[in-house]
Structures are given as structure tokens and as C-alpha cells.
Amino acid sequence: MNRALKRGLWVVPALAGIVASVLGARALKQAMTTCQSLYRVDNAGSQIESELEFETQESRRAFLYAIATSDPNEQLPYIDQARAASKRVGNLASRIRLLGTPEIGEWVDGFDLSWKEYCAARDEIVADILEGNIAAAVDAEHMRGQPAFLAALRSLHSLKSVLESHARVDSLQVDSTLKRCAAGLIALDRKSTRLNSSHLG
């Protein structure tokens, strides 16, 4: 076997190794990026979703207390609490939008709309409360407030499905990328082994 052929037999596995390293690095980078997205949406998104649900319930609870009491000195603090919680709801929805997926962006748009409709109904009822028209406020709550809140709550619960769906897609993508990377490295190892065996033979 001449010297040029021997060199060729060593160069081929070396080049193959370089190519495999580059492709493997790209695959691992893609997997890491997807893992980051999975962590951000699944873990961070779930935590924000829990906080968001808590604040919607806090806003609702304070508002219902305002309706239930006839003492103006107690009504105003409850109304303030309801509005403060509503502001936190808006901030949390904005944080969810920053997770950056189209599905979540569409969800935030829908939730914002339903929550604004509830807040508009609530503010009309608050006007009745502040005027001392508690009976009118209670009627308006049953007619408009409760249905609007339940619509917002249904929208909120759909976020869990959006987050779970995104997590499933990202998990499958990570798994597929890592399998491709492993298969490429196994194929390279076998090819190198065959070339080395051929050279030694």
C-alpha cells in the first residue's frame, strides 16, 4: 500500500469526524434551544398561569364582598382591592405574551378581550353600589357580571391546554433531534472502525 493511499485512509475518517462534529454541534445547539423553550413555556408559563388564576379569583372575591356589604366604609376598600387585582391580572397576561409563541399570543388576545368585558360589567355594577343601589347591583351582577367572569375563566382554563400542547411539541422535537445526533455519531463510529480495520488489514 503506497504512502498516498495510507494518508487517504487516515484523512477520510478525520474529515468525516469533522463533518460529524459540526453536524452534531448544530443538532445539540438546536436541542438546547428547544429545551430552553420547553423550560420557559412549560415551567415559567405554568407558574404565571397559576398566579393569573389566583389574581382573577382575588379580583372576583373582593368585588363580591363589595356587593355583599351595605356599609360604604367597607365597600370602597373591597372595590379598590378588586381593581388592584385586575391590574395584576393584566400584568401577568402581558408576561405570558412574552413567552413568545403564536398560540400563546392568540390566547392572550382572547383572554384580554373577555377580561375587559368582565371589568366593564363590573365597573357598571360598582357605579350602582356607590350610588347605594345594591338591589340593582345584585341584579346586574347576575345578568352581566357573573356570565362575563365565567367567560373569562373559561378562557383562562384554556391556557393550560395551550401550554401542555406546546410542551408536548417541544419534547418530541428535543427527542427527535437527540436521536438523530446519536444515530449520526454511531454511523460515524462504525465507518471509522471499518476504515481502520481495512487499513490494518
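Residues numbered from 1 in each chain as written. Predicted model: local features only at pLDDT ≥ 70, side-chain atom pairs only at ≥ 80, totals over all residues. Heavy atoms only, no water.

Caption draft 1: Structural detail: the overall build of the chain. In terms of regular secondary structure, the chain is built from four helices and zero strands. Secondary structure elements in the chain, listed N-terminal to C-terminal, are α-α-α-α. The buried share of the chain, taken over its 201 residues, is 36%. Residue pairs at least 24 apart in sequence account for 79% of intrachain contacts in the chain once pairs closer than 6 positions are excluded. For the chain, the computed accessible surface area is about 12000 Å², with 59% contributed by carbon and sulfur atoms. (Helix = DSSP H or I, 4+ residues; strand = E, 2+ residues; numbered from the N terminus. Buried < 20%, exposed > 50% of the residue type's maximum accessible area, 1.4 Å probe, protein only. Contact = heavy atoms within 4.5 Å. Areas by Shrake-Rupley, 256 points an atom, 1.4 Å probe, with all protein chains shown as cover.)

Caption draft 2: Spotlight on the packing of aromatic side chains. All chains considered together, the criterion is met by six aromatic pairs. The interplanar angle of 45° and the centroid separation of 5.0 Å between the aromatic rings of Trp 115 and Tyr 118 together place this pair among those described as tilted. With a gap of three residues between them, Trp 115 and Tyr 118 both fall in helix 3 (residues 102-130), about one helical turn apart. For the pair Trp 115 and Tyr 118, a shared accessibility class is recorded, and that class is buried. Through a chain of ring-to-ring contacts, three or more aromatic side chains come together here, namely Trp 107, Phe 111, Trp 115, Tyr 118 and Phe 149. (Phe/Tyr/Trp six-rings, centres within 6.5 Å; stacked < 30°, edge-to-face > 60°.)

Caption draft 3: Focus on the pattern of salt bridges. Across all of its chains, the model carries nine salt bridges by this definition. With a closest N to O distance of 2.9 Å, Glu 55 and Arg 88 form a salt bridge. Taken as a pair, Glu 55 in helix 1 (residues 3-68) and Arg 88 in helix 2 (residues 72-97) lie far apart in primary sequence, 33 residues in all. Judged by relative accessible area, which is 11%, Glu 55 ranks as buried. Under the relative-accessibility criterion, Arg 88 is labelled partly exposed at 38%. Here Glu 141 makes a salt bridge to Arg 60, at a shortest N to O gap of 2.3 Å. In this pair, Glu 141 sits in helix 4 (residues 134-200) while Arg 60 sits in helix 1, placing the two residues 81 residues apart along the sequence. Just as Glu 141 is buried, Arg 60 falls in that class too. (Salt bridge = Lys/Arg side-chain N within 4 Å of Asp/Glu carboxyl O.)

Caption draft 4: Inspection of the nonpolar core at higher detail. Core analysis: the biggest nonpolar cluster contains 32 residues, and Leu 52, Phe 63, Ile 96, Trp 107, Phe 111, Trp 115 and Ile 129 have the highest contact counts within it. Contributing elements (two or more residues each) for this core: helix 1, helix 2, helix 3 and helix 4. Counting residues per element, this core draws most heavily on helix 3, at ten residues. In this structure Phe 63 touches Ala 82, Tyr 118, Arg 122, Ile 125, Val 126, Ile 129 and Glu 141, once residues within four positions along its chain are discounted. (Core = buried A, V, L, I, M, F, W, Y, C linked by side-chain atoms within 4.5 Å.)

Caption draft 5: Expanded view of helix 3. If you check helix 3, its first and last C-alpha atoms are 41 Å apart, about what 29 residues at 1.5 Å a residue would give, namely 42 Å. Residue Gly 132 follows helix 3 closely and has a positive phi angle near 85°. (Expected span 1.5 Å × (residues − 1).)

Caption draft 6: How the structure looks around helix 2. Along its 26 residues, helix 2 runs 38 Å from first to last C-alpha, staying within 8% of the 38 Å computed at 1.5 Å per residue. Buried within helix 2 are the following residues: Gln 75, Ile 79, Ala 82, Ala 85, Ser 86, Val 89, Leu 92, Ala 93 and Ile 96.

Caption draft 7: Region of interest: the packing of helix 2 against helix 3. It is at 10 Å that the axes of helix 2 and helix 3 come closest, and there the two elements cross at 170°. As judged from the angle between their axes, helix 2 and helix 3 are roughly antiparallel. Among the residues forming the contact of helix 2 with helix 3, the class breakdown is 15 nonpolar, three polar and six charged. (Axes fitted to C-alpha atoms, helices over the stretch in contact; angles between N-to-C directions. Parallel < 35°, antiparallel > 145°, perpendicular 65-115°, else oblique. Nonpolar A, V, L, I, M, F, W, Y, C, P; charged D, E, K, R; others polar.)

Caption draft 8: Summary view of the side chain of Arg 60. Overall, Arg 60 belongs to the buried group, its relative accessible area being 7%. At a separation of 2.3 Å, a polar atom in the side chain of Arg 60 contacts the side chain of Glu 141. (Polar contact = N/O pair within 3.5 Å; in protein donor to acceptor, adjacent residues only side chain to side chain.)

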